[in-house]
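The lines below spell out each chain.
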Amino acid sequence: MYFTNSIELPMHIGRNISRLRNYRGMKQDDMAKRLKMTQQNYSLIENSEHISDAVLKKVAAALDYDVEFIKQMPDAPYVYSNNQQGGNVVNYEFNPVDKIIQLYESLLASERKKVELLESLLKKIDGKK
């Protein structure tokens with residue numbers, strides 16, 4: 001088997017959820033029970049490229065991940081392999097650590113801005129008293 005070219009697929013929220021669920025060591029049936037739905041309905045979520053914010057919020061809570069992390073996590077690279085049985089796509093599940101660190105740093109910066117805003121609002125409120 002040899003690699004002919006790399007293919008970067010567009011962000012797929014359902015695939016991100018599936019990867020995180022697997023990372024947590026959970027089965028689809030476990031997630032379905034947490035979300036009070038059938039395994040078949042949960043499977044539809046993981047197969048969906050786009051998911052409503054309301055559903056994503058519930059799934060994120062069940063997985064104990066931030067919604068923004070699920071939306072922004074980098075896709076695992078796919079490599080097209082042209083072997084004797086015909087071409088197939090092989091998914092190599094690894095996340096570049098630099099991308100994950102960059103995502104967490106941006107989320108942390110966002111949270112810091114929120115804290116600064118809240119602190120300034122509190123100072124204004126205290127000043128009016």
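You'll find the structure just up there.
Residues numbered from 1 in each chain as written. Predicted model: local features only at pLDDT ≥ 70, side-chain atom pairs only at ≥ 80, totals over all residues. Heavy atoms only, no water.

Asker: Got a sec to walk through the overall build of the protein chain? Specific residues and values, please.
Answerer: Along its length, the protein chain carries 6 helices and 3 strands. Along the protein chain, from the amino end to the carboxyl end, the secondary structure elements read β-α-α-α-α-α-β-β-α. For the protein chain, the residues scored as buried account for 29% of the 129 residues in total. Intrachain contacts of the protein chain at a sequence separation of at least 6 include 64% that bridge at least 24 residues. With an accessible surface of roughly 9300 Å², the protein chain has 55% of that area assigned to carbon and sulfur atoms. (Helix = DSSP H or I, 4+ residues; strand = E, 2+ residues; numbered from the N terminus. Buried < 20%, exposed > 50% of the residue type's maximum accessible area, 1.4 Å probe, protein only. Contact = heavy atoms within 4.5 Å. Areas by Shrake-Rupley, 256 points an atom, 1.4 Å probe, with all protein chains shown as cover.)

Asker: Tell me about the packing of aromatic side chains, residues and numbers included.
Answerer: Across all of its chains, the model carries 2 aromatic pairs by this definition. Between Y65 and F69, the ring centres sit 5.6 Å apart and the planes meet at 15°, which makes this aromatic pair stacked. Comparing Y65 with F69, the two get one shared label, buried. Ring geometry for F69 against Y104: centres 5.4 Å apart, planes inclined by 20°, an arrangement best described as stacked. Taken together, the positions of F69 in helix α5 (residues 67-72) and Y104 in helix α6 (residues 97-128) put the pair 35 residues apart, joining distant regions of the chain. Among the residues examined, F69 registers a relative accessible area of 7% and is labelled buried. (Phe/Tyr/Trp six-rings, centres within 6.5 Å; stacked < 30°, edge-to-face > 60°.)

Asker: Give me the lowdown on the nonpolar core, citing residues and values where you can.
Answerer: Taken as a class, soluble globular proteins show a tendency for nonpolar side chains to be buried jointly. One finds I17, M31, L63 and I70 to be the most contacted residues of the largest nonpolar core, which totals 21 residues. Listed by contribution, the elements that provide at least two residues to this core are α1 (13-23), α2 (28-34), α3 (39-46), α4 (53-63), α5 and α6. Looking at this core element by element, the count peaks at 5 residues for α4. Discounting residues that sit within four places of it in the chain, I70 has contacts with I13, N16, I17, L20, L56, A60 and Y65. (Core = buried A, V, L, I, M, F, W, Y, C linked by side-chain atoms within 4.5 Å.)

Asker: Would you mind going over unusual backbone geometry in detail, with residue names and values included?
Answerer: Phi at K36 is positive, roughly 55°, even though this residue is not glycine. One can find K36 in the loop between α2 and α3. One non-glycine residue, D64, adopts positive backbone phi at about 65°. With respect to the helices and strands, D64 occurs in the loop between α4 and α5.

None of the figures reported here should be taken as evidence of function without further support.
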